[in-house]
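# Topology and contacts: notes
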Amino acid sequence: MTKPDITPAFTAQVEAIMRHASQTAIVPRYRTLAEGQIISKAADDVVTIADTESETLLSGMLADLLPEAQVVGEEATFADATVFERLRDGLCWIIDPLDGTNNFAAGKPPFGVLVALADGGQAIGGWILDCLTGRFCHAALGGGAFIDGERMTAQASGEQPPVAALSTVYLEPAERALVLEHIAPHYRMVDIPRCAAEQYPRLVLGTNDVSVFNRTLPWDHAAGVLFLNEAGGRAARPDGSAYRVDEWERRGMIGAASPALWDELAGRLANLPGS
């Protein structure tokens, strides 16, 4: 199977598909959801009619764009966990039809759409759309990272201590306590946006310096990891190994605006009591 070139023309087609899904299924329902259109999916996790309709649109249109690629969507995988297995074989679209659903359902930003294209477990293209502002981020493996057509180089905030957005939502209480006691004092802590489509651009744009993610499902992270790494920041597992979309059961990832900031935080985490 021939790996597609992530050309500007190809990215323009992906962008058009994502914007269509956003404008058709998501934005019209912002702050207009009826009670029955928000469903609890798991603890602290919901799904809305916008998620499901966006995924249907994205899955169909991306499959038409690249018929040889399989499709892994968040909601399809929630309904049938065997869909995960598609990540192990060849080309695969990875879709988060509405990232930041909890924010969306609560009638507040940020929220967006995430799409990645992987080949053999490695992301080769990633696209991130902010549904409200229209900001569009994209990256290709070996081809750099861009926001609204402008090539980006990740920049740190320049603050001392550095700015940290640490996700402790999915940590066990004991793990959370260790992070707050031993890691937090070395950083200026800020709230996480609960939206990967916002968090990864923050690490590139100098808003946040470092982030820690516990749950690393492919639809949340494939596009953002590629985007951050191609911009010259670093996203990797705490042991330094690369993020792969076919290792969906692994937990833990560090994202940073620079390799030096990554190394500093990774060292602190490695030295936590009990590590």
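Residues numbered from 1 in each chain as written. Predicted model: local features only at pLDDT ≥ 70, side-chain atom pairs only at ≥ 80, totals over all residues. Heavy atoms only, no water.

For the rest of this paragraph, the subject is helix 1 (residues 8–26). Because each turn of an α-helix spans 3.6 residues, side chains separated by three or four positions in sequence point in the same direction. Compared with an ideal rise of 1.5 Å per residue, which puts 19 residues at 27 Å, helix 1 spans 25 Å between its outermost C-alpha atoms and is within 8% of the ideal. Buried within helix 1 we find Phe10, Thr11, Val14, Ile17, Met18, Ala21, Ser22, Ala25 and Ile26. Along helix 1, the residues classed as buried sweep out an arc of 135 degrees about the axis, all on the same side. Turned more than 90 degrees away from the buried face of helix 1 sit Pro8 and Ala9, all of them exposed. (Helix = DSSP H or I, 4+ residues; strand = E, 2+ residues; numbered from the N terminus. Expected span 1.5 Å × (residues − 1). Buried < 20%, exposed > 50% of the residue type's maximum accessible area, 1.4 Å probe, protein only. Arc of directions from axis to C-beta.)

A separate point is the nonpolar core. Ranked by internal contacts, the top residues of the largest apolar core, which has 38 residues, are Leu87, Ile94, Ile128, Tyr200, Val204, Phe227 and Val245. Of all the elements in the fold, those that place two or more residues in this core are strand 4 (91–99), strand 5 (112–119), strand 6 (122–130), strand 7 (136–140), strand 8 (144–147), helix 6 (196–205) and helix 7 (218–230). Here this core gets seven residues from one element, more than from any other, and that element is helix 7. Judged by nonpolar contacts, the second largest core, of 31 residues, contains Ile6, Ile17, Phe104 and Val113. (Core = buried A, V, L, I, M, F, W, Y, C linked by side-chain atoms within 4.5 Å.)

What follows concerns the sheet that holds strand 4. Read from one edge of the open sheet, seven strands run 3-4-5-6-7-8-9, paired in mixed fashion. Whereas interior strands pair on both sides, the edge strands pair on one side only; in this sheet they are strand 3 (70–73) and strand 9 (150–151). In this structure, strand 6 lies alongside strand 7, joined through five bridges in antiparallel fashion. If you follow Gly126 over to strand 7, its bridge partner there is Ala139. (Pairing = 2+ DSSP bridges.)

What follows is about the pattern of salt bridges. According to the stated counting rule, one finds twelve salt bridges in the structure shown. In this structure, the salt-bridge partner of Arg268 is Glu264, at a minimum N-O distance of 2.9 Å. Linking Arg268 with Glu264, this pair stays in helix 8 (residues 259–270), spanning four residues, or about one helical turn. A relative accessible area of 25% means that Arg268 is categorised as partly exposed. Relative accessible area serves as the criterion here: at 32%, Glu264 is assigned to the partly exposed category. (Salt bridge = Lys/Arg side-chain N within 4 Å of Asp/Glu carboxyl O.)

Most of strand 5 is tucked away: seven of the eight residues are buried. The pairing of strand 4 with strand 5 spans seven bridges and is classified as antiparallel. Bridging from a neighbouring strand, Cys92 pairs with Ala118 of strand 5. Bridge analysis of strand 5 against strand 6 gives eight bridges, and the strand direction is antiparallel. From the neighbouring strand, Gly112 faces strand 6, where its bridge partner is Asp130.

According to the stated counting rule, one finds nine aromatic pairs in the structure shown. The interplanar angle of 25 degrees and the centroid separation of 6.0 Å between the aromatic rings of Tyr30 and Phe104 together place this pair among those described as stacked. One end of the pair, Tyr30, is in the loop between helix 1 and strand 1 (38–42); the other, Phe104, is in helix 4 (residues 101–105), with 74 residues separating them in the sequence. Under the relative-accessibility criterion, Tyr30 is labelled buried at 13%. Residue class for Phe104 comes out buried when judged on its relative accessible area of 1%. Ring centres of Phe84 and Trp248 lie 4.9 Å apart, and the angle between their planes is 10 degrees; on these two criteria the pair is classed as stacked. Highlighted residues: Phe84 in the loop between helix 3 (74–79) and strand 4 and Trp248 in the loop between strand 13 (234–236) and strand 14 (251–256), separated in sequence by 164 residues. The burial state of Phe84 is the same as that of Trp248; both residues are buried. Looking at Arg234, its charged tip hangs above the ring of Trp262, at a distance of 3.9 Å from the centre. (Phe/Tyr/Trp six-rings, centres within 6.5 Å; stacked < 30°, edge-to-face > 60°. Lys NZ or Arg CZ within 6 Å of the ring centre and 35° of its normal.)

Overall, mixed pairing links the five strands, which are arranged 11-10-12-14-13 in an open sheet. Edge positions in the sheet fall to strand 11 (188–189) and strand 13, since each has one partner strand and no second. Sheet topology places strand 10 (residues 163–166) next to strand 11; two bridges connect them, and they run parallel. When the bridges of strand 11 are listed, Ala164 appears paired with Met189. In the packing of helix 6 onto the sheet, contacts are made with strand 10, strand 12 (210–215) and strand 14, and the angle to strand 12 comes to roughly 155 degrees. Sitting on the sheet, helix 8 touches strand 12, strand 13 and strand 14, and the angle it makes with strand 14 is about 145 degrees. (Contact = heavy atoms within 4.5 Å. Axes fitted to C-alpha atoms, helices over the stretch in contact; angles between N-to-C directions.)

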